[in-house]
Amino acid sequence: MSAVLRQTLAGLRLLLVATVLLGIGYPMAIWGVSRLPGLVANAEGSQIVMDGRVVGSSLIGIDPVAHDPAHDPYFHTRPSASAEGSLGPGDPATSGGSNDGGSNDELLAAVHERRAAIAEREGSVPEAVPADAVTASASGVDPHISPAYAELQAPRVARVTGLPLAEVHRLIAQCEEGGLVSPLAVNTSTLNVAVRGAAR
């Protein structure tokens, strides 16, 4: 057998072994690890399921479109730098921050515009609007807001959904995350699903 044929056969055997190990074995092993208890939800995108169907992810907050702010039953996320309007909703396909600094005139104007719009939507005064409500997150699709921003929105959500305000406060507390080494935050994705479920 010629040296070229021996080398060709050795290369083909190596290709076959590598294909089986790296093309089949490794992906199956990773898939198997993702099935371990405690990892399944993360591996599947942290899906939120309601009535047997996936309605979102607890990792992605999409600001609901409020065609009529006076009849808006949802909690809103932080604004998105990629949004067309002053508040959103953000486009997950073009998520990202603006990289504008605190001395940027356009950013300051956007913050003042957002503060006025949120105060009007919530029937509050601009001074009561917390900082995270008017500053965009780095991704633009962060579902977390401060408990203060959630509390500001609670009376509107209670009024529109017909839920008692105490029940809305309970749902907010139920959707709080962090607090041990990170500040408390409220996940608007899971909170809006909980509000929808309670309002039915």
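Here the structure is a predicted model, which means the values were calculated and not measured.

J.: So, the overall build of the protein chain: which residues are in play, and what are the values?
T.: Helix and strand content of the protein chain: six helices and five strands. When the elements of the protein chain are put in sequence order from the N terminus, they spell out α-α-β-β-α-β-α-α-β-β-α. Evaluated residue by residue, the protein chain yields a buried proportion of 30% over its 200 residues. Looking at the protein chain alone, contacts between residues at least 24 apart form 58% of all its contacts between residues at least 6 apart.

J.: Explain the pattern of salt bridges to me, using residue names and the numbers behind them.
T.: Enumeration according to the criterion identifies four salt bridges in this entry. For Arg156, the salt bridge identified is with Glu122, shortest N-O distance 2.9 Å. Taken together, the residues span a long stretch of sequence, with Arg156 in helix α4 (residues 147–161) and Glu122 in helix α3 (residues 105–122) at a distance of 34 residues. Arg156 sits in the buried class, given a relative accessible area of 1%. For Glu122, a relative accessible area of 11% translates into the label buried. Taking the shortest distance from any N to any O, the salt bridge between Arg170 and Glu167 comes out at 2.9 Å. Taken together, the residues span about one helical turn, with Arg170 and Glu167 both in helix α5 (residues 165–174) at a distance of three residues. One network of salt bridges, in which partners are shared, links Asp72, Arg121, Glu122 and Arg156.

J.: So what's going on with the nonpolar core? Which residues, and what values?
T.: Residues Phe75, Val168, Ile172 and Leu191 are the most contacted members of the largest nonpolar core, which totals 23 residues. Elements represented by at least two residues in this core include exactly α3, α4, α5 and α6 (188–199). Looking at this core element by element, the count peaks at six residues for α4.

J.: Tell me about the pairing of strand β1 (residues 47–50), and please be specific about residues and values.
T.: Alternating positions in β1 separate cleanly, Ile48 and Met50 being buried on one face and Gln47 and Val49 remaining unburied on the opposite face. Turn length for the β1-strand β2 (residues 53–57) hairpin, with the two strands adjacent in sequence and antiparallel, is two residues, and the turn residue Asp51 shows positive phi of about 55°.

J.: Go over a nonpolar patch on the surface with me, naming the residues and quoting the values.
T.: Taken together, the side chains of Leu16, Val20, Ile24, Met28 and Trp31 make up a nonpolar region of the molecular surface, amounting to roughly 550 Å² of accessible area. Within the secondary structure layout, Val20 lies in helix α1 (residues 3–34). Residue Val20 is classed as partly exposed on the basis of its relative accessible area of 44%.

J.: I'd like a rundown of the environment of Glu113, residues and numbers included.
T.: Following the sequence through the fold, Glu113 ends up in helix α3. In this structure the C-alpha to C-alpha distance between Glu113 and Val134, which are 21 residues apart in sequence, comes to 8.6 Å.

J.: Give a description of the packing of α3 against α4 that names residues and reports values.
T.: Running from N to C, α3 and α4 cross one another at 40°; their axes reach a closest spacing of 9 Å. Classified by the angle their axes make, α3 and α4 are oblique. Contact with α3, carried on its side by Ile118, Arg121 and Glu122, involves Tyr149, Leu152, Gln153 and Arg156 of α4 and no other residues of that element. Considered class by class, the residues forming the contact of α3 with α4 number three nonpolar, one polar and three charged.

J.: Run through α3, naming residues and quoting values.
T.: End to end, α3 covers 26 Å across 18 residues, agreeing with the expected 26 Å (1.5 Å per residue, within 8%). Taken residue by residue, α3 has Val111, Arg114, Ile118, Ala119, Arg121 and Glu122 as its buried positions. One side of α3 holds all its buried residues, which, seen down the axis, span an arc of 160°. Opposite its buried face, α3 presents the exposed residues Asp105, Glu106, His112 and Glu120, each directed more than 90 degrees away. For α3, the N-terminal capping position is held by Asn104, with its side-chain oxygen 2.9 Å away from the main-chain nitrogen of Glu106. Gly123, located one to two residues past α3, shows a positive phi value of around 65°.

About the thresholds
- Residues numbered from 1 in each chain as written.
- Predicted model: local features only at pLDDT ≥ 70, side-chain atom pairs only at ≥ 80, totals over all residues.
- Heavy atoms only, no water.
- Helix = DSSP H or I, 4+ residues; strand = E, 2+ residues; numbered from the N terminus.
- Buried < 20%, exposed > 50% of the residue type's maximum accessible area, 1.4 Å probe, protein only.
- Contact = heavy atoms within 4.5 Å.
- Salt bridge = Lys/Arg side-chain N within 4 Å of Asp/Glu carboxyl O.
- Core = buried A, V, L, I, M, F, W, Y, C linked by side-chain atoms within 4.5 Å.
- Pairing = 2+ DSSP bridges.
- Patch = residues over 30% accessible without salt bridge, like charges linked within 9 Å, V, L, I, M, F, W, Y side chains within 5 Å.
- Areas by Shrake-Rupley, 256 points an atom, 1.4 Å probe, with all protein chains shown as cover.
- Axes fitted to C-alpha atoms, helices over the stretch in contact; angles between N-to-C directions.
- Parallel < 35°, antiparallel > 145°, perpendicular 65-115°, else oblique.
- Nonpolar A, V, L, I, M, F, W, Y, C, P; charged D, E, K, R; others polar.
- Expected span 1.5 Å × (residues − 1).
- Arc of directions from axis to C-beta.
- Polar contact = N/O pair within 3.5 Å; in protein donor to acceptor, adjacent residues only side chain to side chain.

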